[in-house]
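Chains, contacts and geometry: an overview
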Amino acid sequence: MTLNIRPATPDDLPLIAQFIRDLADYEKLAHEVRFDETKLGENLFGPRPYAEVVIGELDGTAQGFALFFHNFSTFEGRPGIYLEDLFVRPEARGSGLGKALLAHLAELCVERDCARLEWSVLDWNTPSIGFYQSLGAKLMDEWTVMRVDGDALTRLAHS
């Protein structure tokens, strides 16, 4: 089996969109997917990309992806990489592709002098939590994710 990780291109946009939908189905969050594919493409491949994507392939067939962007640690005084989404198709799980995608991002962190690689995982997703911990990841259970969106975001912006 040949495993390959490559940067996504604009031609991969339909594939990326499908991976996002597949991940949302897995996470039982399909009802929250509302992106416009054209706008997604602009945000990933336009003049000011807000995120990057790598595609994971097995024997030349795309079987997974990772979407990530840079954040910044004021305590470290250095950037980090935040993994927004990681998905491997069910039929490709156990092949090493998920680990290869994470290892690729870790390699980018080292190359880019990043302080850390971070991501969130749903607390019910015990298979993924166990997998991440086996790679040396630690739960940051003293932190709580906060979010402002929709009408609340608009109200805050106008306050």
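Residues numbered from 1 in each chain as written. Predicted model: local features only at pLDDT ≥ 70, side-chain atom pairs only at ≥ 80, totals over all residues. Heavy atoms only, no water.

**Side note on the state of the cysteines**
By definition, a disulfide links the sulfur atoms of two cysteine residues through a covalent bond. How we decide: The disulfide definition used here is simple: a pair of cysteine sulfur atoms within 2.5 Å. Burial classes follow relative accessibility: with a 1.4 Å probe on protein chains only, a residue under 20% of its type's maximum area counts as buried, one over 50% as exposed, and anything between as partly exposed.
Applying the stated criterion across every chain yields a total of zero disulfides. Among the cysteines around C109, which has no disulfide bond, C114 carries the closest sulfur, lying 4.6 Å off. Judged by relative accessible area, C114 falls into the buried class, the value being 8%.

**A closer look at the side chain of E57**
For clarity, the cut-off: Think of it this way: any DSSP run of H or I at least four residues long counts as a helix, any run of E at least two long counts as a strand, and we number them from the N terminus. Any pair of N or O atoms that falls within 3.5 Å is considered a polar contact. Within protein, one atom must be able to donate a hydrogen and the other to accept it, and sequence-neighbouring residues count only if both atoms are side-chain atoms.
Checked against the element boundaries, E57 lands in strand 2 (residues 52–58). For E57, the side chain forms a polar contact with the side chain of R6, separated by 2.7 Å.

**Observations concerning the pairing of strand 3 (residues 61–73)**
Along any regular strand the residues' side chains alternate between the sheet's two faces. Just so we agree on the cut-off: A pair of strands is considered paired only if DSSP assigns at least 2 bridges between the two.
Where strand 2 and strand 3 come together, seven bridges link them in antiparallel fashion. Note that in strand 3 the partner of V54 across the bridge is A66. Between strand 2 and strand 3, which pair antiparallel in sequence order, lie two residues; one of them, D59, sits at a positive phi of approximately 50°. Examined bridge by bridge, strand 3 and strand 4 (residues 78–88) share 10 bridges and lie antiparallel to one another. The partner of L67 across the bridge, within strand 4, is D85. In this structure, the hairpin formed by strand 3 and strand 4 is closed by a connection of four residues, where G77 is found at a positive phi of approximately 70°.

**Examining the nonpolar core**
Basically, it comes down to this: Joining through side-chain atoms within 4.5 Å is the link that ties buried Ala, Val, Leu, Ile, Met, Phe, Trp, Tyr and Cys residues into a set, and such a set is a nonpolar core.
Counting 19 residues, the largest nonpolar core has A66, L86 and L101 as its most contacted members. At the level of secondary structure, the elements contributing two or more residues to this core comprise strand 2, strand 3, strand 4 and helix 3 (97–111). Sorting elements by how many residues they give to this core places helix 3 first, with seven residues. If you look at the next biggest cluster of nonpolar residues, it comprises 16 residues, including A8, I16, L44 and A51.

**What about the packing of aromatic side chains?**
Within a pair of aromatic rings, the relevant descriptors are the distance that separates the centres and the angle that separates the planes. Here is the rule: Two aromatic rings, drawn from Phe, Tyr or Trp (for Trp, its six-membered ring), form a pair once their centres lie within 6.5 Å of each other, and the interplanar angle then sorts them: stacked below 30 degrees, edge-to-face above 60, tilted otherwise. Two limits define a charge over a ring: the Lys NZ or Arg CZ must be within 6 Å of the ring centre, and within 35 degrees of the ring normal.
Applying the stated criterion to the full structure yields six aromatic pairs. Between Y26 and W124 the ring centres are 6.1 Å apart and the planes differ by 50°, which places this aromatic pair in the tilted class. Within this pair, whereas Y26 is found in helix 1 (residues 13–26), its partner W124 is found in the loop between strand 5 (117–119) and helix 4 (126–134), the two being separated by 98 residues in sequence. Under the relative-accessibility criterion, Y26 is labelled partly exposed at 30%. The exposure class assigned to W124 is partly exposed, which follows from its relative accessible area of 37%. Here the aromatic rings of F69 and Y82 are separated by 5.5 Å at their centres, their planes lie at 35°, and the arrangement is tilted. Residue F69 is found in strand 3, and its partner Y82 is found in strand 4; the two are separated by 13 residues along the sequence. The structure contains a cluster of three or more aromatic residues connected by ring pairs, namely F19, F65 and F87. When the ring centre of W124 is taken as origin, the NZ or CZ atom of K28, which lies over that ring, is 4.2 Å away. One residue, R93, lies across the ring of Y26, its end atom 4.8 Å from the ring centre.

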